[in-house]
Number of protein chains: 2
Amino acid sequence: MAGIKRLPGYLQLLRELQADGHEFVSGTVLAETHDLEPAIVRKDLAVTGIIGTPRRGFCVNDLIVAIEHFLGWNSPAKAVLVGVGNLGAALLGYRGFDDYGLRIAGAFDRDPARIGLSIHGRKIQPVEKLTTFVRATGIILGVLTVPAGAAQEATDLMVQAGIRGIWNFTPTKVKVPEHVVTQKEDLAEGLAVLSHRLQHLMRPASPV
Amino acid sequence: MAGIKRLPGYLQLLRELQADGHEFVSGTVLAETHDLEPAIVRKDLAVTGIIGTPRRGFCVNDLIVAIEHFLGWNSPAKAVLVGVGNLGAALLGYRGFDDYGLRIAGAFDRDPARIGLSIHGRKIQPVEKLTTFVRATGIILGVLTVPAGAAQEATDLMVQAGIRGIWNFTPTKVKVPEHVVTQKEDLAEGLAVLSHRLQHLMRPASPV
């Protein structure tokens with residue numbers, strides 16, 4: 001999965017190169033920009049079916065199309081968002097999703113104080129309408145941003161409604177049936193790595 | 001780093017066990033809860049210096065203290081947050097940080113329309129005051145939530161002010177001197193993995 005995680009990074013650089021009028025990019029440039037070995041980059045990109053030529057490297061346009069196709073980002077995927085608290089509202093306003101072909105088509109909450117409010121152009125709907133909306137639109141992707149304690153209940157609702165992929169921003173490990181996939185975003189993980197590296201930096205190994 | 005990323009997950013479970021009055025937990029339980037091999041869990045936990053006993057497993061309290069100590073989460077680390085847009089505001093309101101020993105002590109922005117506003121109990125200060133604040137408080141950790149285009153400039157400001165660890169929530173790869181560490185939170189990575197798994201789920205391999 002590490003290689004798949006790196007694809008958005010390559011994509012970002014390729015789009016910049018494309019915008020600057022570059023037709024080809026060498027594997028070495030891609031590798032250096034991402035602090036990786038060229039062999040790793042070639043392996044990462046092989047999943048898209050694109051192989052560079054020895055002299056010219058990779059065709060920028062072809063590689064963009066291939067990565068987008070591989071990730072299913074060539075046509076915008078629609079998603080519902082459940083839980084419009086701070087984080088949910090932030091994600092509704094996050095413009096970066098456009099770059100990844102993600103569009104949040106509906107936002108849902110169970111708090112009567114929030115229902116009907118318009119956040120970043122999307123009206124918050126009552127969670128009771130989730131099933132009707134998901135079935136009518138055929139959406140299969142859901143963004144979960146409810147409080148930790150409500151995560152499993154909201155997940156069950158999403159699964160019942162027909163959601164097949166859940167992007168879980170709560171700290172709760174939710175249970176889903178086999179035909180549903182989840183991806184957990186855990187801020188604690190990144191902070192753990194940063195804390196550890198910062199401690200190491202501030203407290204160098206004592207001299208022998 | 002994979003093992004360090006898993007420590008917050010163990011910590012969460014251990015705190016739940018502690019709250020339920022459990023004194024010991026077996027490596028097997030920790031492994032099963034996290035879908036890991038027991039050997040991996042033992043290896044992950046070895047960095048904290050805690051070794052389980054064959055019969056009783058790990059002492060819950062000792063292991064909590066050791067993980068918190070290893071990550072530097074035993075005493076709350078203070079951080080500044082630069083860029084109080086949607087995401088910055090969401091992070092200011094994110095209660096989960098308490099669990100990781102992180103407290104955002106100051107929030108900064110350069111937008112005059114935001115300066116002076118109070119978000120989740122913290123008054124937004126002009127970014128010109130960052131250096132004075134960082135030097136007065138001795139804070140070394142910074143959360144970067146400015147728009148992508150302002151990321152490098154804000155990073156330079158933070159580094160000049162004395163910040164040594166930057167938690168970067170922007171899509172920009174920022175450049176820092178050697179004595180500074182950065183950790184990038186990239187939503188695109190998680191979405192890439194989810195998109196790929198979802199495509200694989202919906203479009204099973206064609207029969208031979």
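Predicted, not measured: the structure shown is a model, and the values here were computed from it. (Residues numbered from 1 in each chain as written. Chains lettered and ligands numbered in written order. Predicted model: local features only at pLDDT ≥ 70, side-chain atom pairs only at ≥ 80, totals over all residues. Heavy atoms only, no water.)

### Structural notes on the pattern of salt bridges
For the record, the criterion: The rule for a salt bridge is simple: a side-chain nitrogen of Lys or Arg has to be within 4 Å of a carboxyl oxygen of Asp or Glu. Here a strand is any run of E in DSSP of at least two residues, a helix any run of H or I of at least four, and the numbering for each starts at the N terminus. Any residue under 20% of the maximum accessible area for its type is buried, any over 50% is exposed, and the rest in between are partly exposed; the area is computed with a 1.4 Å probe on protein chains only.
One pass over the full model with this rule turns up 10 salt bridges over all chains. Between Arg6(A) and Asp44(A) there is a salt bridge, and its shortest N-O distance comes to 2.7 Å. Of this pair, Arg6(A) sits in helix H1 (residues 2-19) while Asp44(A) sits in helix H3 (residues 38-46), and the two are 38 residues apart along the sequence. With relative accessibility at 27%, the residue Arg6(A) sits in the partly exposed group. The buried category is assigned to Asp44(A), whose relative accessible area is 8%. Notably, a salt bridge pairs Glu68(B) with Arg15(B), separated by 2.8 Å at the nearest N-O pair. Residue Glu68(B) is located in helix H4 (residues 60-71), and its partner Arg15(B) is located in helix H1 (residues 2-19); the two are separated by 53 residues in the primary sequence. Its relative accessible area of 24% is what places Arg15(B) among the partly exposed residues.

### A closer look at the nonpolar core
Which entries qualify depends on this criterion: Residues belong to a common nonpolar core when they are buried Ala, Val, Leu, Ile, Met, Phe, Trp, Tyr or Cys residues joined through side-chain atoms within 4.5 Å. For the domains described, the bounds stem from an automatic or database domain assignment.
Judged by nonpolar contacts, the single largest core of 48 residues is most densely connected at Leu14(A), Leu30(A), Leu45(A), Ile67(A), Phe97(A) and Trp167(A). In this structure, this core is formed jointly by two domains, domain 1 (2-71) and domain 2 (77-188) of chain A, each of which donates at least three residues.

### With respect to the confidence of the model for chain A
Residue and element names in this part refer to chain A. We apply this condition: A residue's pLDDT is simply how confident the predictor is in it, with values from 0 to 100.
Averaged over all residues, the pLDDT of chain A equals 88, while 97% of them reach at least 70. Per-element mean pLDDT across chain A ranges from 75 in helix H6 (residues 96-99) up to 97 in helix H8 (residues 151-161). Per the prediction output, this complex has pTM 0.70; the corresponding ipTM is 0.76.

### Brief notes about the environment of Ser118(B)
Looking at the element boundaries, Ser118(B) is found in strand S5 (residues 118-119). Measuring from C-alpha to C-alpha, the distance between Ser118(B) and Cys59(B) comes to 43 Å, with 59 residues separating the pair along the chain.

### Structural notes on the interface of chain B and chain A
Short version of the rule: Should any heavy atoms of two residues lie within 4.5 Å, those residues are counted as being in contact. As used here, buried area is the combined drop in accessible area, with a 1.4 Å probe, of two parts when they are placed together. Counted as a polar contact is a pair of N or O atoms within 3.5 Å, where, for protein atoms, one must be capable of donating a hydrogen and the other of accepting one, and residues adjacent in sequence contribute only when both atoms are in side chains.
With 54 residues of chain B in contact, the opposing surface of chain A contributes 54 residues. Taken together, both faces of the contact between chain B and chain A bury some 5,000 Å²; the carbon and sulfur share is 69%. Of all residues in chain B, Leu187(B), Leu191(B) and Leu194(B) give up the largest surface area on contact with chain A, accounting jointly for 13% of the area buried on that side. Here chain B is connected to chain A by zero salt bridges. Run the count over chain B and chain A and you get four residue pairs in polar contact (both at pLDDT 80 or more). Of all elements in the fold, only H1, H4, helix H5 (86-92), strand S8 (165-168), strand S9 (181-184) and helix H9 (187-202) of chain B reach the threshold of two or more residues within the side of chain B that touches chain A. The greatest single-element share of the side of chain B that touches chain A, amounting to 15 residues, is contributed by H9(B).

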